[in-house]
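Spelled out, the chains give:
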Amino acid sequence: MKIRKTGAGESKVSLEMTPMIDVVFQLLIFFMFTFKIVTVEGEFAITMPAAEQGSAAPTSENITALPDIQVQLLAGENGDLAGIQVGDTNVKSMDELAATLKAIVGDDPQMAGDVEMKIIAPDNLKYGNVVATINAAARVKIQKIKFTPPGG
Amino acid sequence: MKLRKANPVSEDAALDMTPMIDMTFQLIAFFMFTLNFSNDLLDERVVLPVADSASPTTQAPQSPIYINMSREGLVYMLGGQAADPVADAATIRRQLAVEAQMAKVNMKVAGVDATSGVWTTVVIRADERAPYGSVQRVIQIAQQTGFTKFWLRATKAN
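Residues numbered from 1 in each chain as written. Chains lettered and ligands numbered in written order. Predicted model: local features only at pLDDT ≥ 70, side-chain atom pairs only at ≥ 80, totals over all residues.

So, the pairing of strand E3 (residues 81-86) of chain A
Moving residue by residue along a regular strand, the side chains alternate between the two faces of the sheet. Residue and element names in this part refer to chain A. Relative to E3, strand E2 (residues 69-75) runs antiparallel, the two being bridged by five bridges. Pairing of Val71 across the sheet is with Val86, part of E3. When E3 meets strand E4 (residues 89-91), the two strands line up antiparallel, connected through three bridges. Looking at E4, one finds that Gln85 is bridged to Asn90. Taken together, E3 and the strand that follows it, E4, pair antiparallel across an intervening segment of two residues, in which Gly87 is found at a positive phi of about 65°. (Pairing = 2+ DSSP bridges. Helix = DSSP H or I, 4+ residues; strand = E, 2+ residues; numbered from the N terminus.)

Spelled out as structure tokens, the structure:
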């Protein structure tokens, strides 16, 4: 059998580039426009007991030996943070709050895990300040954080 | 003065395409790998509070509900409609009750006890300027409808 030679003698084979480049640019433009820089979001996981109407918040007897920490946030007219109080002492900044909490719970992670922190904040306070407070508590490994019911 | 004619252009001036195509493929590969289709429920209008110890959890929550809250304290939920948790608590309660009911049905099918709260995680993405009272009311409403697990979203410090 004889195989026919087609186009014999043509030394130069030129590949048609144009359609490929068209498609490639289309793809490039699509991916460029859908490009979005996503900032990493972290979270504070909190567990709230299911609320039951008419019953008080659950209290357990055996943890009453530990002193609870009460952090009170004060708000100005426009909702900005006006002051922080740990118990009765005034604290100037979130860093100082973390240092104060550190002084209370010490280096023992067991102690930090057992102690309960209560956050009292007025309704008009900007939420970012509350997260900053939780952040300060998380830095010293306090795990039990209590929120007061709204209306304060 | 006479200008010298250097290399008169040959007939088949072929442009070398290879480097350009290499670069273009590199770019396409980069943009392809950085593409993510997830996180469609996140609201771009919300400016999250910054917290450096908020760590991203490695495991995804069980069928989460996202609640986005604007700087005015309005809730953007499922349909994208805004509702004030203080003035219009009933709307939010109704939506959350539906979600809780669905979760309970799913838990019953899966054979999980639902008496101590549903397994759904409520992911709260509140703006840092939102009034705290509104955020708290949303949590309270969710708590009353049977949710116990909450995530407060924050961005890592940049």
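Here the narrative resumes, following the displayed structure.
A word on the interface of chain A and chain B
Taken residue by residue, the interface counts 39 residues in chain A and 46 residues in chain B. Contributions of two or more residues to the side of chain A that touches chain B are made by helix H1 (18-33), strand E1 (41-47) and helix H4 (127-139) of chain A. At eight residues, H4(A) tops the list of elements feeding residues into the side of chain A that touches chain B. Class assignment for the residues of the side of chain A that touches chain B results in 26 nonpolar, eight polar and five charged. Summarising the sheet, E1(A) and strand E5 (residues 147-155) of chain B pair through seven bridges and their orientation is antiparallel. Each bridged residue has a counterpart across the sheet, and for Ala45(A) the counterpart in E5(B) is Trp151(B). (Contact = placed C-beta atoms within 7 Å. Nonpolar A, V, L, I, M, F, W, Y, C, P; charged D, E, K, R; others polar.)

Overview of the sheet that holds E4(A)
All names here are of chain A. Pairing within the open sheet is mixed, and its five strands lie in the order E4-E3-E2-E5-E6. With one partner strand each, in any of the chains shown, E4 and strand E6 (144-147) form the two edges of the open sheet. When strand polarity is set aside, the average angle formed by the axes of neighbouring strands in this sheet is 25°. Sheet contacts for H4: E2, E3, strand E5 (116-120) and E6; angle to E2, the most-contacted strand, approximately 155°. (Axes fitted to C-alpha atoms, helices over the stretch in contact; angles between N-to-C directions.)

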